[in-house]
Amino acid sequence: IHARPELLSLFGRMRFAMGQNQLGLRSFGEFLNAGDYEPHLQHIRNVYRGKRDAINDALTRQVSDYLDWVLPDGGFYIWARLKPGLSLESLWRTAVEEGIAVNPSTGFSPVGESESCIRIAYSWTPVEQFEEAVSRLRIACERVARGDVA
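Residues numbered from 1 in each chain as written. Predicted model: local features only at pLDDT ≥ 70, side-chain atom pairs only at ≥ 80, totals over all residues. Heavy atoms only, no water.

A few words now on the packing of aromatic side chains. Given two aromatic rings, one states the distance between the centres and the angle between the planes to describe the pair. If you walk through the whole model with that rule in mind, you get 2 aromatic pairs. Ring plane angle 75° and centroid distance 5.0 Å describe the contact between Tyr-48 and Phe-76, whose orientation is recorded as edge-to-face. Here Phe-76 lies in the loop between strand E1 (67-69) and strand E2 (77-82) and Tyr-48 lies in helix H3 (residues 37-63), a separation of 28 residues in the sequence. We classify Phe-76 as partly exposed; its relative accessible area is 37%. Here Arg-119 stacks its cationic end above the ring of Tyr-77, 3.8 Å away from the centre of that ring. (Phe/Tyr/Trp six-rings, centres within 6.5 Å; stacked < 30°, edge-to-face > 60°. Helix = DSSP H or I, 4+ residues; strand = E, 2+ residues; numbered from the N terminus. Buried < 20%, exposed > 50% of the residue type's maximum accessible area, 1.4 Å probe, protein only. Lys NZ or Arg CZ within 6 Å of the ring centre and 35° of its normal.)

Moving on to the pairing of strand E4 (residues 117-121). Counting buried positions along E4 gives 4 out of 5 residues, so the element sits mostly inside the fold. By the bridge criterion, 5 bridges tie E2 to E4 in an arrangement that is antiparallel. Directly across from Trp-79, in E4, lies its bridge partner Arg-119. Where strand E3 (residues 103-104) and E4 come together, 2 bridges link them in antiparallel fashion. What sits directly across from Asn-103, in E4, is Arg-119. (Pairing = 2+ DSSP bridges.)

Core analysis: the biggest nonpolar cluster contains 25 residues, and Leu-59, Leu-67, Leu-91, Ile-118 and Leu-137 have the highest contact counts within it. Of all the secondary structure elements, the ones that give two or more residues to this core are H3, E1, E2, helix H4 (88-97), E4 and helix H5 (130-145). Sort the elements by how many residues they give to this core and H5 lands first, with 6 residues. In this view, Ile-118 contacts Leu-67, Ile-78, Trp-79, Ala-80, Leu-82, Leu-88, Leu-91, Val-102, Asn-103 and Leu-137; residues no more than four positions away in its chain are not counted. (Core = buried A, V, L, I, M, F, W, Y, C linked by side-chain atoms within 4.5 Å. Contact = heavy atoms within 4.5 Å.)

Our next topic: the confidence of the model for the chain. If pLDDT is low for a region, its predicted coordinates should not be looked at in detail. Per-residue confidence for the chain gives a mean pLDDT of 88, with 89% of residues at or over 70. Summarising per-element confidence for the chain, the mean pLDDT is lowest in helix H1 (residues 5-15) (65) and highest in H5 (97). (pLDDT = per-residue confidence, 0-100.)

A few words on the side chain of Arg-52. Looking at where Arg-52 falls in the secondary structure, it is placed in helix H3. Look at Arg-52 and you get buried, because its relative accessible area is 11%. Only 2.7 Å separates the side chain of Arg-52 from the side chain of Asp-53, close enough to count as a polar contact. (Polar contact = N/O pair within 3.5 Å; in protein donor to acceptor, adjacent residues only side chain to side chain.)

Running from N to C, H3 and H5 cross one another at 35°; their axes reach a closest spacing of 9 Å. Like other packed secondary-structure pairs, H3 and H5 cross with a definite hand, here right-handed. Listed contacts from H5 to Lys-51, Ala-54, Ile-55, Ala-58, Leu-59, Arg-61, Gln-62 and Val-63 of H3 are Phe-130, Glu-131, Val-134, Ser-135, Leu-137 and Arg-138. Split by residue class, the contact of H3 with H5 holds 8 nonpolar, 2 polar and 4 charged. (Axes fitted to C-alpha atoms, helices over the stretch in contact; angles between N-to-C directions. Left-handed = near helix turned anticlockwise from the far one by under 90°. Nonpolar A, V, L, I, M, F, W, Y, C, P; charged D, E, K, R; others polar.)

An order of E1-E2-E4-E3 is seen for the 4 strands of this open sheet, with the pairing classed as antiparallel. Because the sheet does not close on itself, it has two edges, and the strands there are E1 and E3. Most of the contacts of H3 go to E1, to which it runs at about 145°, and overall it touches E1, E2 and E4.

Inspection of the secondary structure puts Asp-57 in helix H3. Asp-57 gets classed as partly exposed once you look at its relative accessible area, which sits at 41%. Linking Asp-57 and Phe-130, residues 73 residues apart in sequence, is a C-alpha distance of 9.6 Å.

This is how it looks when you write it as structure tokens:
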């Protein structure tokens, strides 16, 4: 590094910060010290609870004939079990063809076992897209049920 000696000493100290973003750490420390964490946490919980409830409502209306699930207390996903007669592989491929991504449970098993479940992620998707996404999932389920698989 070519720099003035007084700047070089600053870079030397940065080396001992273990690669941490010092500005980010200080900013977060101020955030915590100001008492803003708990209100922020409550706000975020409300946002995700609302999203969870909205996707659950859409799923209940549109795919309860094809999937079973338990509403989670928290988190970013709903794990849904396929009802008998639906193939996990077929649903996954057909859902992709319908323009949605569902994650088969095999990708989350350390040995690749299938429990005929899909992981439905809702945290990143805007609520306004839930009805359309679940509608596409319903169409994929209907197709697989009648043998029209991708």
